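Commentary on secondary and tertiary structure
Here's the letter readout for the chains.
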Amino acid sequence: MIKEITDKGPPRILSGVQPSGKLHLGNYFGAVKQHIALQAEGVCFYFIANYHAMTTIQDAAVMRDNTRDVALDYLALGLDPARAVFFRQSDVPEVTELAWILATVTNMGLLERAVSFKEKIDKGIEASVGLFTYPVLMAADILIYRSNIVPVGKDQVQHLEMTQDMAGKFNRAYGKVFPIPSFRLDKESKVPGTDGQKMSKSYGNTIDIFAEGKPLEKTVMGIKTDSTPLGQPLDPETCNVFALHGLFADDAEKAALAADYRAGRIGYGNAKKLLKGKIDAYFAEARAKRKQLAKDPATVEDILREGGKKARAEAEKTMELVRAAVGLPAVPAAPLQ
Ligand code: ADP
Ligand code: TRP
């Protein structure tokens, strides 16, 4: 008997994050902060996309470390396992089964138009079949949990359109099984890096969220500025330090600092110290929480496993519908242990 799935109730919000190293301010203000806030708006499914990361990471130790790091980061920054289902992609292996099934309704031409595939090859990443079919696995991630809303950055929008295309084609061929998901564009914020370009790991210009003390000081003091001497007016509009400060300050604080800049009452050195103080204060609680969690890997593992179980139960319901729709036999229930 296929269990009935009703698509009523609060919207399902899903997003995946690749375990690709240390989070920086750009990741936080461009993505993570919004993921955390969305916990109040629906049922959130957030997962660590370790299968996807295999297209670029081929070192088991790096994969394990990065996966642990991103789990610690999200939990420290406010992901609440009581409100969101938080898990590793690979804890629900059925997603690879759905990826195969979706591949059979996916046109080669659709994947050939993927911009992110071309960009990755241009960067020197090997053009593996996995990298090419990456959007199919991403569609399976989204559809297997019957997601309604997928918060993503601009670079992922094409993958969402492909997901809509695959879901529509599947539904037309086999009957309506999948709700068609929509994307929610993360707030368009381009956090500048220490050199003024967009902050990005690939430019080596990041300020990491969980850096502190001397290393953080060194990074902040190294933010590029012009060579206006102390006592001269500074232009807040063109200053990276000012832009970064604005991420942490309210309007009154921003206006006061802008006035100090224009009046020549503050130099870049002091503005940088002010910024470091802001970063320290803003992330103090998250840092303390991260340190505490890092000492307790068993708790983190339990959270991920519990999340994995919940996610897998949802995925299994969808797969029962999918297998029936395409004429595959139901997978016999695992024997009770
Ligand atoms: P990176 O460029 O460092 O490799 P990713 O591509 O892994 O970062 O980005 C992960 C998420 O963080 C994406 O949703 C992306 O839109 C967001 N993000 C990354 N850098 C910035 C930035 N400088 N400003 C705003 N958002 C960013
Ligand atoms: N491709 C996404 C990225 O690189 C990560 C991802 C994998 C994802 N599966 C997803 C995002 C499903 C949203 C929904 O950022």
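Cut-offs used in this document
- Every chain begins its residue count from 1, and numbering advances along the sequence as written.
- Think of it this way: whatever chain is written first is A, whatever ligand is written first is 1, and the rest follow in order.
- With pLDDT at 70 or above as the cut-off, local features in this predicted model cover only qualifying residues; side-chain atom pairs require 80 or more to be listed or tallied, and sums for whole chains, interfaces and linings still use all residues.
- Hydrogens and water are ignored here; the side-chain numbers use all heavy atoms of the structure.
- Proximity is defined per residue: if any heavy atom of the residue lies within 4 Å of a molecule or strand, that residue is considered near it.
- Pairs of N or O atoms are called polar contacts if they sit within 3.5 Å, as long as, within protein, a hydrogen donor faces a hydrogen acceptor (for residues adjacent in sequence, only side-chain-to-side-chain pairs).
- Note on areas: Shrake-Rupley, 1.4 Å probe, and residue coverage restricted to the protein chains presented here.
- A run of H or I in DSSP counts as a helix once it spans at least four residues, and a run of E counts as a strand once it spans at least two, with each numbered from the N terminus.
- Gly is put with the polar residues, along with every residue not named as nonpolar or charged; the nonpolar set is Ala, Val, Leu, Ile, Met, Phe, Trp, Tyr, Cys and Pro, and the charged set is Asp, Glu, Lys and Arg.
- Where each domain begins and ends is defined by an automated method or by a domain database.
- Note on contacts: a residue pair qualifies if any of its non-hydrogen atoms lie within 4.5 Å across the two residues.
- Computed with a 1.4 Å rolling probe, the buried area is the accessible surface lost when two parts are put together, summed over both parts.
- Salt bridges are counted wherever a side-chain nitrogen of Lys or Arg sits within 4 Å of a carboxyl oxygen of Asp or Glu.
- Geometry is summarised by axes, namely lines fitted to C-alpha atoms with helices restricted to the contacting stretch, and by angles between N-to-C directions that run from 0 to 180 degrees.
- Here roughly perpendicular refers to angles of 65 to 115 degrees, roughly parallel to angles under 35, roughly antiparallel to angles over 145, and oblique to all remaining angles.
- It is the rotation of the near helix from the far one that decides the hand of a crossing: anticlockwise by less than a right angle makes it left-handed, clockwise makes it right-handed.
- Relative accessibility under 20% of the residue-type maximum defines a buried residue, over 50% an exposed one, and the middle range a partly exposed one, all with a 1.4 Å probe and only protein chains included.
- Strands are labelled as partners when DSSP assigns at least two bridges between them.
- A clockwise course of the path from the first strand over the helix to the second, judged with the strands pointing away from the viewer, identifies a crossover as right-handed.

**Structural notes on the site of ligand 2**
Around ligand 2 sit 14 residues in total, of which Gln18, His52, Tyr134, Asp141 and Gln156 are the nearest. One of the side-chain N or O atoms of glutamine 156 is found 3.0 Å from a nitrogen atom in ligand 2. Bound to the protein, ligand 2 loses 88% of the 370 Å² it would expose on its own. Of the residues forming the shell around ligand 2, the biggest block, 4 residues, is contributed by helix α8 (residues 134-144). For the shell around ligand 2, the residue count by class is 8 nonpolar, 5 polar and 1 charged.

**What to know about the domain arrangement of the chain**
Taken domain by domain, the chain consists of domain 1 (12-190 + 297-326) and domain 2 (210-291). Tallying the contact residues gives 10 residues for domain 1 and 10 residues for domain 2. With both chains or domains summed, domain 1 and domain 2 bury close to 930 Å², and 70% of this area falls on carbon and sulfur atoms. Of all residues in domain 1, the largest losses of buried area upon contact with domain 2 belong to Leu25, Phe29 and Ala76, amounting jointly to 52% of the total for that side. Taken together, the links from domain 1 to domain 2 amount to 2 salt bridges. Note that arginine 290 and aspartate 73 form a salt bridge whose closest N and O atoms lie 2.6 Å from each other.

**Some points on unusual backbone geometry**
Even without a glycine there, the phi angle at arginine 146 is positive, about 50°. Along the chain, arginine 146 turns up in the loop between α8 and β4 (149-152).

**A closer look at the packing of helix α3 (residues 60-76) against helix α13 (residues 268-294)**
Viewed as axis vectors pointing N to C, α3 and α13 meet at an angle of 135°, and their least axial separation amounts to 8 Å. The angle between α3 and α13 falls in the class oblique. The handedness of the crossing between α3 and α13 is right-handed. Between α3 and α13, the residues in contact are Asp69, Leu72, Asp73, Leu75 and Ala76 and Ala286, Lys289, Arg290, Leu293 and Ala294, respectively. Split into classes, the residues belonging to the contact of α3 with α13 amount to 6 nonpolar, no polar and 4 charged.

**Here's the deal with the pattern of salt bridges**
Counted according to the given criterion, the structure contains 23 salt bridges. Here arginine 184 and glutamate 41 are joined by a salt bridge, their closest N and O atoms 3.1 Å apart. Taken together, the residues span a long stretch of sequence, with arginine 184 in strand β5 (residues 182-185) and glutamate 41 in the loop between α1 (25-37) and β2 (43-48) at a distance of 143 residues. Glutamate 316 is the salt-bridge partner of arginine 323, the closest N and O atoms lying 3.0 Å from each other. The class of glutamate 316 is partly exposed, set by a relative accessible area of 23%.

**Quick look at the pairing of strand β1 (residues 12-17)**
When β1 meets β2, the two strands line up parallel, connected through 6 bridges. In the sheet register, serine 15 faces β2, and the bridge partner there is tyrosine 46. Note on the crossover from β1 through α1 to β2: the handedness is right-handed.

**Topic: the site of ligand 1**
Residues in contact with ligand 1 amount to 13 residues; listed here are only the nearest, His24, Ser189, Met199, Ser200 and Lys201. Here a nitrogen atom of ligand 1 and a backbone polar atom of glycine 26 are 3.1 Å apart. The separation between an oxygen atom of ligand 1 and a polar side-chain atom of serine 200 is 2.7 Å. In isolation ligand 1 has 550 Å² of accessible area, and contact with the protein removes 74% of it. Partitioning the shell around ligand 1 into residue classes produces 3 nonpolar, 6 polar and 4 charged.

**Description of the packing of α1 against α13**
Any two packed helices are characterised by how steeply their axes cross, that is the angle between the axes, and by the distance between the axes. Contact geometry of α1 with α13 gives a least axis separation of 14 Å together with a crossing angle of 45°. Looking at the two axes, α1 sits oblique to α13. Considering how the two elements wind past one another, α1 and α13 form a crossing that is left-handed. Mapping the contact onto sequence places Leu25, Tyr28, Phe29 and Lys33 in α1 and Ile279, Tyr282 and Phe283 in α13. Grouping the constituent residues of the contact of α1 with α13 by class yields 6 nonpolar, no polar and 1 charged.

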